[in-house]
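Here are the chains, one letter per residue:
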There are 2 protein chains.
Amino acid sequence: MDVTRENFEKVLREFEAAIAQCDFVAIDMEMTGLYESKELQPSRLDTLDERYAKLKRSVELYGVIQVGVCLFTWVDGHKQGQREGAAAATDGGTDDPGGGADETANGTGDVGGYYEARPFNFNVFPSSSVGGIAVDAHFGCKSSAFEFLARNSFDFNKWVYQGVPYLRTEDAERIRKERMAMLTSRQRKIDADDRHREFVRDFEVALGAFVDSGEQVLRYETGNSYQRKLIHNIVSSHDTLGTRGRNDCIEIFKGSRSAMAKHTAQKIKTLNQNVKNARGFCAVIDLLSAARKPVVGHNMLLDVLHAFSKFHRPLPARREEFERALAQFLPVLIDTKFIIESTPGIKDRYGTSSLDEIAPMLEREAGSGLASIRLHPRFTRSASRNMHEAGYDAYMTGASFIRLLKLDGGVSRAAEQSSELVLYRYINKLHLSTATAKFWAMAS
Amino acid sequence: MDVTRENFEKVLREFEAAIAQCDFVAIDMEMTGLYESKELQPSRLDTLDERYAKLKRSVELYGVIQVGVCLFTWVDGHKQGQREGAAAATDGGTDDPGGGADETANGTGDVGGYYEARPFNFNVFPSSSVGGIAVDAHFGCKSSAFEFLARNSFDFNKWVYQGVPYLRTEDAERIRKERMAMLTSRQRKIDADDRHREFVRDFEVALGAFVDSGEQVLRYETGNSYQRKLIHNIVSSHDTLGTRGRNDCIEIFKGSRSAMAKHTAQKIKTLNQNVKNARGFCAVIDLLSAARKPVVGHNMLLDVLHAFSKFHRPLPARREEFERALAQFLPVLIDTKFIIESTPGIKDRYGTSSLDEIAPMLEREAGSGLASIRLHPRFTRSASRNMHEAGYDAYMTGASFIRLLKLDGGVSRAAEQSSELVLYRYINKLHLSTATAKFWAMAS
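Residues numbered from 1 in each chain as written. Chains lettered and ligands numbered in written order. Predicted model: local features only at pLDDT ≥ 70, side-chain atom pairs only at ≥ 80, totals over all residues. Heavy atoms only, no water.

Undergrad: Where do I start with the overall build of chain A in this structure?
TA: In terms of helices and strands, chain A carries 20 helices and 15 strands. For chain A, the exposed surface amounts to about 20300 Å²; the carbon and sulfur share of it is 50%. (Helix = DSSP H or I, 4+ residues; strand = E, 2+ residues; numbered from the N terminus. Areas by Shrake-Rupley, 256 points an atom, 1.4 Å probe, with all protein chains shown as cover.)

Undergrad: Would you explain the interface of chain B and chain A in this entry?
TA: In many analyses, interface size is given as the accessible surface area lost on bringing the parts together. On the side of chain A, 32 residues touch chain B, which itself brings 33 residues to the contact. Regarding the contact of chain B and chain A, the summed buried area is about 2500 Å², with carbon and sulfur atoms giving 53% of it. The largest contributions to the chain B side of the interface with chain A come from B:His138, B:Ser143 and B:Tyr161, which together make up 21% of the buried area. Joining chain B to chain A, the criterion identifies zero salt bridges. Viewed at the interface, chain A and chain B are joined by 24 residue pairs in polar contact (both at pLDDT 80 or more). Of all the secondary-structure elements, those providing two or more residues to the side of chain B that touches chain A are β7 (138-142), α5 (143-151) and α6 (156-162) of chain B. Counting residues per element, the side of chain B that touches chain A draws most heavily on α5(B), at six residues. Residue composition of the side of chain B that touches chain A, by class: 16 nonpolar, nine polar and eight charged. (Contact = heavy atoms within 4.5 Å. Buried area = accessible area lost by both parts, 1.4 Å probe. Salt bridge = Lys/Arg side-chain N within 4 Å of Asp/Glu carboxyl O. Polar contact = N/O pair within 3.5 Å; in protein donor to acceptor, adjacent residues only side chain to side chain. Nonpolar A, V, L, I, M, F, W, Y, C, P; charged D, E, K, R; others polar.)

Undergrad: Can you walk me through the relation of the copies chain B and chain A in this structure?
TA: To go from the first copy of the chain to the second, apply a rotation about an axis and then a shift along the same axis. Each copy superposes on the other: chain B lies on chain A with an RMSD of 0.1 Å after a rotation of 180 degrees and an axial shift of 0.1 Å. In the structure described here, the two chain copies are related by an operation that fits a two-fold rotation axis. Proximity to the rotation axis, assessed at the C-alpha, singles out B:Gly140 in chain B; its C-alpha lies 2.0 Å from the axis. A shared interface surface links the copies, since 97% of the contact residues of chain B are contact residues in chain A too. (Least-squares fit on C-alpha atoms with pLDDT ≥ 70 in both.)

Undergrad: Help me understand the pairing of strand β3 (residues 64-75) of chain A in this model?
TA: Within a regular beta strand, the side chains point alternately toward one face of the sheet and then the other, so they alternate between its two faces. Residue and element names in this part refer to chain A. In terms of burial, β3 is largely enclosed, as eleven of its twelve residues are buried. Bridge analysis of strand β2 (residues 24-31) against β3 gives eight bridges, and the strand direction is antiparallel. Directly across from Ala 26, in β3, lies its bridge partner Cys 70. Looking at chain direction, β3 and strand β4 (residues 114-123) are connected through ten bridges and run antiparallel. Bridge pairing links Gly 68 to Asn 121 in β4. (Buried < 20%, exposed > 50% of the residue type's maximum accessible area, 1.4 Å probe, protein only. Pairing = 2+ DSSP bridges.)

Undergrad: Looking at this model, I keep getting lost on the sheet that holds strand β8 (residues 217-221) of chain B. Mind explaining?
TA: Residue and element names in this part refer to chain B. Strand order in this open sheet of three strands is β8-β10-β9, and the pairing throughout is antiparallel. Each of the sheet's edge strands pairs with one partner strand only, and the pair in question is β8 and β9 (241-245). Neighbouring strand axes in the sheet, compared pairwise and without regard to direction, differ in orientation by 25 degrees on average. One ladder, built from five bridges, connects β8 with strand β10 (residues 249-254); its direction is antiparallel. For Leu 218, the partnering residue across the bridge sits in β10 and is Ile 252. Across the sheet, helix α8 (residues 197-212) touches β8, β9 and β10, and the angle it forms with β8 is around 165 degrees. The strands touched by helix α9 (residues 225-236) are β8, β9 and β10; relative to β10, the strand with the most contacts, the crossing angle is about 10 degrees. (Axes fitted to C-alpha atoms, helices over the stretch in contact; angles between N-to-C directions.)

Undergrad: Just to check I follow, could you spell out empty space enclosed by the protein for this structure?
TA: A water-sized probe rolled over the atoms picks out the places where empty space is left. Residue and element names in this part refer to chain A. Considering all chains together, one arrives at four cavities of 30 Å³ or more under this definition. Approximately 40 Å³ is the volume attributed to the largest cavity. Lining the largest cavity we find Leu 34, Tyr 35, Glu 36, Leu 40, Lys 54, Arg 57, Ser 58 and Leu 61. For the lining of the largest cavity, a count of residues per class yields four nonpolar, one polar and three charged. (1 Å grid on protein atoms, 1.4 Å probe; cavity = no way out; pocket = protein on both sides within 12 Å on 5 of 7 lines; lining within 4 Å. Points joined across faces, edges and corners; volume = space filled by probe spheres on them.)

Undergrad: Which parts of the structure should I look at to understand the packing of aromatic side chains?
TA: Scanning all chains against the criterion turns up 57 aromatic pairs over all chains. Taking 5.1 Å as the distance between ring centres and 80 degrees as the angle between the ring planes, the aromatic pair formed by A:Phe15 and A:Phe120 counts as edge-to-face. Of this pair, A:Phe15 sits in helix α1 (residues 8-21) while A:Phe120 is found in strand β4, placing the two residues 105 residues apart along the sequence. Its relative accessible area of 0% is what places A:Phe15 among the buried residues. Take A:Phe120: its relative accessible area is 0%, and that puts it in the buried class. Centre to centre, the rings of B:Phe139 and B:Trp159 are 5.9 Å apart; their planes meet at 65 degrees, and the pair counts as edge-to-face. In this pair, B:Phe139 sits in strand β7 while B:Trp159 sits in helix α6, placing the two residues 20 residues apart along the sequence. For B:Trp159, a relative accessible area of 1% corresponds to the buried category. For A:Arg374, the ring lying beneath its charged end belongs to A:Tyr114, and the centroid distance is 4.0 Å. (Phe/Tyr/Trp six-rings, centres within 6.5 Å; stacked < 30°, edge-to-face > 60°. Lys NZ or Arg CZ within 6 Å of the ring centre and 35° of its normal.)

Undergrad: For this particular structure, what's the right way to read unusual backbone geometry?
TA: Peptide bonds are trans in most cases, and residues, glycine excluded, mostly fall at negative phi. Phi is positive for A:Ser153, which is not a glycine, with a value near 60 degrees. Along the chain, A:Ser153 turns up in the loop between α5 (143-151) and α6 (156-162). Taking relative accessible area as the criterion, A:Ser153 reaches 51% and is therefore assigned exposed. Although it is not a glycine, B:Asn299 sits at a positive phi angle of roughly 55 degrees. For B:Asn299, the location among the structural elements is in the loop between β11 (295-297) and α12 (301-311). B:Asn299 sits in the partly exposed class, given a relative accessible area of 35%.

Undergrad: Hey, could you run me through the packing of helix α16 (residues 355-366) of chain A against helix α18 (residues 390-406) of chain A in this one?
TA: Angle between the axes and distance between the axes are the two parameters that describe a pair of packed helices. Residues and elements named next belong to chain A. The interhelical angle for the contact between α16 and α18, taken along N-to-C directions, is 55 degrees, at an axis separation of 9 Å. Considered as vectors, α16 and α18 are oriented oblique to each other. Remark: the crossing between α16 and α18 carries left-handed chirality. Across the interface between the two elements, Leu 355, Ala 359, Pro 360, Leu 362, Glu 363 and Ala 366 of α16 pack against Asp 393, Met 396, Thr 397, Ser 400, Arg 403 and Leu 404 of α18. Its residues assigned to classes, the contact of α16 with α18 comprises seven nonpolar, two polar and three charged. (Parallel < 35°, antiparallel > 145°, perpendicular 65-115°, else oblique. Left-handed = near helix turned anticlockwise from the far one by under 90°.)

Structure follows, in structure tokens:
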């Protein structure tokens, strides 16, 4: 399901309901670049601290332009009827036009059960102003990364024109506090700069005349946002005057103290709503974090750091601190590249740990008895088959994970145990380097 | 005329012929961002050195995505017939399908003469690999700049998918020298790293067997570009062996010393051609610089620095050095914003020096007797009317410049001289700040 600014609010409700039901989540991201120079590329000689420093630099330099999140839910063949009933009850409140399709499609489900996949492809762009909150983002780009995306039919216009905005909690909160202080202050805080001394003098003369007059509203023309800020601030020191921004001017109006208090309360309400809207895609990552589900990725270190840094909070300077914070943010991480590289039964069989190469092989084999995976009916119509579209890559990562666990001669046989138990050997170990199958065991 | 990768070579020939004939050139650029933060924005308190440092930082941080170059040529009503004959003789060699349209359209030209405009809108993207030359570019973006472009219908897909590549002379030359050394060296220069010791050993065994055998060609599979580099280098020490890159392998073949010398000469020829192609859009700026025509821009400081830095050579650390180099690069610069801000007769009349605002006013007045400007017939069909499309902005800048010079009560009256002489008061003075009409008088 492709998600843009237009359908985001609706999709967010659907995502919230679906993540509560799912068994695990697969993620993938597309970025505007990876490493600034050869020297800053990860090397197998890196210590973990050096690696963290390199990754942190990459994450802080480059942007995320697409986030794929695919929810996988086990549908038991025998219990299917019950689960659908429960799901329908949960979803009942939403005005979801495609919801009715579930029963028909699932009615044909096999008795042994299957994984149902819901791939979301979120296009994200850091808007410089959301609901009146100005937050201009700077991000680096690498021409090779853009060319890689172009080779995979990426739509750069959709990214900029329709990308879902985002703003981290602490940035939103900082801006909220600044605005709140402006709204509730009764003190003049801003000293006009040299160029605006005359503007302020003229305005104060006009304001004095207005206060003494019988007029109820004064319309005052302004040339720029700094002048508007000055006026709002000057008027805020009068407790029986209020301001309203208009397109080409500011309206100053008279009212009782209680009317003004009410007016300010309304402004605060609007501010809080704007801040909430400005958070945008961060709400998805909040839900992902709160769900405490296993999160699967392929060679996922950079994706995890981007998710943390762009949509949660700034990366700590020290690796140990990051690991502690990560254990709170996403407690269970599983890297399919690490599974492949560290399991000789798998690596030998396929001779590659590249998702591009191994995912189609695993998919072809799936026809011959491996775990069954189906797209949720609401996701079949819009399902992309574009490798390196983040939603599709997340789907392929999760599907490959399921198939690797079920693989004859793979994970299960290697450990001579059931796949569910073996899984624990792979938790929070992230792939670092192909040559030596080094990994990063996250502290938890 | 919109220029992309597809029509660039053809347009370059047309541009080369046209710039030789023109009287002046107007330029404009669209960038991926302006300033990193408020602190780095130009301030009217800057010294010239501080301003240069701020602008240099901006130019080195952000990318250029569109360059508008509009050529203006005075067509004398009386001499029109002669000029057309000469132009036809010059253009005769090109297979230009639209060329025939000139005579019909110009046949209606007024006797007093007019300026003929040829606006080129070059879409440019720093390709990471042009003709086998790898040069991955890093550039910053500001989300507000992308949103500004989006509000003006900018096509981001055209930029990435079809943008004309570019590579500065000295970068191209550095790469050419590196490659040339590789091609002509008979010494093994690369020491394989630890991971590739075994690869090198295996290859040398295979190569020894091949040399001793009756085979003429050895196909050797490689996994990555580093392995291919190693093989090319190992083989280069044998003066009767050559290499050819293939998609999935390298071919090593036998030949006489003279055949190998011929093979190397062919490779050098291809390399030189690739380097020439890789320069791409820089060829346009070379022609602009070589033409020694006046170059007009609106608030053009950033544009001039971008043109220098992206398409000519890196910006010098010190301002004085930049000014000396600029006098060689583009000796005559005229800033319409400086003309407006420094000429009370103009500033008072229009009350603005913003191109968005003043250009349409000047255009409306043009109907009532100001200088006549026409698009060259080959440029009318594709002429954009999108403000902030670089080609259109360059056209509007040049047109405004002509109209400002002819303006009754404007430039001419202020100086009580003919506009042609007054012009010299404005050469190489670039607008710095609206509030004080400060300017940068370039050393020349």
